[in-house]
Amino acid sequence: MSTQKKSIVVVGGGVFGASCAIELVSLIAKTELRSSVALTLIEKRDMNVFLPATLRMAVEDHDEEYMKPYDKLFAGYDDIGTVVKGSAAAIEKDARNVVLEDGKKIHYDVLVLATGATFGAPSSPPTDRTDMIAYYKNIRARIEKSKDIVIIGGGISGAELASEIKDKHGASKTVTIVHSSNLPGSGIFPENLRRQLDKIMQNLNVITIYNAYGDDSEDGQVNVTYKIGDKKSKTIPADYVIKCNLVHNNSSFIPQEWLNKDGQVKISDTFEVINTSNVFAIGDINDFDEWKLASQVQSARPISAANVLSAVKGEKAEMHYATKLIGIGITMGKRYATGSIRLPIFGDRVLPGFIIRKLKGDDIRALKFAKILGY
Ligand SMILES: Cc1cc2nc3c(=O)[nH]c(=O)nc-3n(C[C@H](O)[C@H](O)[C@H](O)COP(=O)(O)OP(=O)(O)OC[C@H]3O[C@@H](n4cnc5c(N)ncnc54)[C@H](O)[C@@H]3O)c2cc1C
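Residues numbered from 1 in each chain as written. Predicted model: local features only at pLDDT ≥ 70, side-chain atom pairs only at ≥ 80, totals over all residues.

## Notes on the overall build of the protein
To keep it simple, the criterion reads: Numbering goes from the N terminus for both helices and strands, where a helix is a DSSP run of H or I of at least four residues and a strand is a run of E of at least two. Radius of gyration here is computed from C-alpha atoms only, and the compact-globule reference equals 2.2 Å multiplied by the residue count raised to the power 0.38. Contact between two residues is assigned when their C-beta atoms, built from the backbone, lie within 7 Å.
Looking only at helices and strands, the protein has 9 helices and 20 strands in total. The C-alpha atoms of the protein give 22 Å as radius of gyration, which agrees with the globular expectation for 375 residues (21 Å, within 12%). With the C-alpha coordinates aligned to their principal axes, the bounding extent of the protein is approximately 75 × 50 × 40 Å. A separation threshold of at least 6 residues defines the contact pool for the protein, and within that pool the share at least 24 residues apart is 64%.

## Section: the sheet that holds strand S13 (residues 221-226)
Formally: Note on pairing: DSSP must find at least two bridges between two strands before they are called paired. Orientation is described by axes fitted as lines to C-alpha atoms, over the contacting stretch for helices, and by angles from 0 to 180 degrees between their N-to-C directions.
If you walk across this open sheet you meet the 3 strands as S12-S13-S14, and the pairing is antiparallel. Edge strands, defined here as strands with exactly one partner in the open sheet, are strand S12 (212-215) and strand S14 (234-237). Sheet twist, expressed as the average angle between the axes of neighbouring strands with direction ignored, equals 30 degrees. Bridging between S12 and S13 involves 4 bridges; their strand directions are antiparallel. What sits directly across from alanine 212, in S13, is tyrosine 226.

## Looking at the packing of helix H1 (residues 15-29) against helix H7 (residues 297-312)
Spelled out, the test is: For classification, angles of less than 35 degrees are called roughly parallel, those exceeding 145 degrees roughly antiparallel, those between 65 and 115 degrees roughly perpendicular, and all remaining angles oblique. If you view the pair so one helix is near and one far, a crossing is left-handed when the near helix is turned anticlockwise from the far one by less than a right angle, and right-handed when it is turned clockwise. Here the nonpolar group is Ala, Val, Leu, Ile, Met, Phe, Trp, Tyr, Cys and Pro; Asp, Glu, Lys and Arg are the charged ones; every other residue, Gly included, is treated as polar.
Their axes nearest at 9 Å, the elements H1 and H7 cross at an angle of 50 degrees. Relative to H7, the element H1 lies oblique. Taken as a pair, H1 and H7 cross one another with a handedness that is right-handed. Together, Val15, Phe16, Ser19, Cys20, Glu23, Leu24 and Leu27 of H1 and Val297, Ala300, Arg301, Pro302, Ser304, Ala305, Val308 and Leu309 of H7 make up the contact between the two elements. A class-by-class count of the residues in the contact of H1 with H7 yields 11 nonpolar, 2 polar and 2 charged.

## Re the domain arrangement of the protein
In many reports, interface size means the accessible area that the parts give up when they come together. Definition in use: Residue ranges assigned to each domain were obtained from an automatic or database domain assignment.
Along its sequence, the protein is organised into domain 1 (6-121 + 247-312) and domain 2 (129-246 + 326-372). For domain 1 versus domain 2, the separation of C-alpha centres amounts to 28 Å. Listed by partner, the interface residues are 27 residues for domain 1 and 29 residues for domain 2. Those elements that provide at least two residues to the side of domain 1 that touches domain 2 are H1, helix H2 (54-57), helix H3 (63-66) and strand S8 (117-119). The element contributing the most residues to the side of domain 1 that touches domain 2 is H1, with 4 residues. Per-class residue counts for the side of domain 1 that touches domain 2 are 19 nonpolar, 2 polar and 6 charged.

## A closer look at the environment of leucine 100
Counted only if it meets this: Here exposure depends only on C-beta density: within 10 Å of a residue's C-beta, 20 or more other C-beta atoms make it buried, 12 or fewer make it exposed, and intermediate numbers make it partly exposed, the C-beta atoms being placed from the backbone.
Here leucine 100 is to be found in strand S5 (residues 97-100). Residue leucine 100 is classed as buried on the basis of its 20 C-beta neighbours within 10 Å. Sequence separation of leucine 100 and phenylalanine 253 is 153 residues, and the distance between their C-alpha atoms is 9.4 Å. Once residues lying within four places of it in the same chain are set aside, the contact partners of leucine 100 are Gly86, Ser87, Ala88 and Ala89.

## A look at the site of the ligand
Cut-off, in case you're wondering: Any residue whose backbone-placed C-beta atom lies within 6 Å of a molecule or strand is treated as near that molecule or strand.
Around the ligand there are 32 residues in total, and Gly12, Gly14, Leu51, Gly116 and Gly283 lie nearest to it. Contributions of two or more residues to the shell around the ligand are made by H1, strand S2 (37-43) and H2. Per-element accounting of the shell around the ligand gives the leading share, 3 residues, to H1. Class assignment of the residues belonging to the shell around the ligand gives a composition of 14 nonpolar, 13 polar and 5 charged.

## Overview of the sheet that holds strand S6 (residues 105-107)
The strand order S4-S5-S6 describes an open sheet built from 3 strands, whose pairing is antiparallel. One side of each edge strand has no neighbouring strand; the edge strands of this open sheet are strand S4 (88-92) and S6. If you compare each strand with its neighbour and ignore which way they point, the axes differ by 25 degrees on average. Taken together, the 3 bridges between S5 and S6 define a ladder with antiparallel strand orientation. Paired with valine 99 across the bridge in S6 is lysine 105.

Right under this line is the structure:
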């Protein structure tokens with residue numbers, strides 16, 4: 001008599017989803033659960049997009065090197081793990097199915113949501129391999145042929161992109177950043193770090209327009225409106241406008257009652273979705289109050305995997321998550337970098353660029369993540 005295997009479904013194969021999925025299958029493989037549990041990873045893209053490296057990919061061709069398919073993720077564990085290409089369109093919470101855009105239903109006993117967020121260019125490629133490569137080629141070609149580039153949104157990604165372009169192309173391009181705050185980044189980051197980002201952009205001759213909004217409704221120019229004071233609106237030339245900000249959390253398929261007002265999934269410190277059983281949310285999609293960074297995966301992965309495994313066994317999730325390190329490393333082209341770390345007593349300290357460059361390497365750790373995918 002054959003019994004149905006218990007099914008873990010992970011939706012989203014980004015930094016957190018892929019890392020948690022491989023951790024889970026390798027843990028399952030070591031136990032008697034190997035013959036009774038199956039894990040399905042649902043991912044909408046043919047290849048993984050490692051977001052931290054996408055700003056470098058806007059100026060240099062690393063398409064094949066950094067974007068890897070999922071075919072080797074479960075190598076050696078093919079009896080446990082399967083990758084399904086598809087976009088989750090709905091969750092039937094009573095029947096416990098994830099419904100894909102093509103109508104296919106995938107049943108789960110334990111569900112892990114890891115769909116992250118959608119950001120502006122150059123971090124939102126399409127889903128098919130050839131289109132993904134064409135997307136980056138097109139961005140690079142547009143940057144190459146533009147003289148005046150305007151980046152709308154001077155969060156850390158916008159500042160990083162402006163610096164990548166200037167570092168690569170120098171005086172041949174005018175790069176202007178329009179940002180709604182008085183310094184790059186947002187108020188959640190330490191002021192000394194934001195000042196350092198500003199300083200690096202000045203060194204690279206990025207033009208910064210702060211406390212302002214940019215609107216590219218006019219072809220070939222951006223209308224800039226200042227937020228405060230009596231500074232008059234103005235227009236600036238723009239051959240290429242790049243919107244570089246958070247667009248939305250990827251949660252449109254998730255039941256409303258699991259979400260907060262920003263579209264993030266409400267969780268406890270065990271990664272369990274509030275008021276559900278056997279549903280977890282990891283990475284950028286959850287509302288855990290910390291800087292949303294790929295680097296958090298190091299400490300989040302073992303805890304989320306252990307708790308998911310407990311749920312599979314019908315046990316209580318016992319592992320509690322807390323942010324271990326409050327810090328960030330930011331590359332600003334190849335020559336500059338900065339970062340900060342929060343220390344007891346001393347508070348937030350800015351780190352020298354050479355340390356960040358060493359930690360992140362020339363590939364901004366894209367190759368390290370490719371290893372997780374089996375490459
Ligand atoms: C430009 C940029 C630069 C960054 N730089 C850094 C950095 O230097 N250091 C750092 O630590 N962090 C950095 N971050 C943050 C970091 O990339 C994120 O915190 C991290 O990627 C979050 O991982 P995740 O798995 O939650 O989401 P993602 O990595 O975004 O993965 C989500 C996955 O879900 C898939 N997906 C989405 N919707 C669906 C659906 N409906 N069905 C199926 N699949 C779906 C997506 O295709 C994607 O593969 C950066 C982010 C950006 C945007």
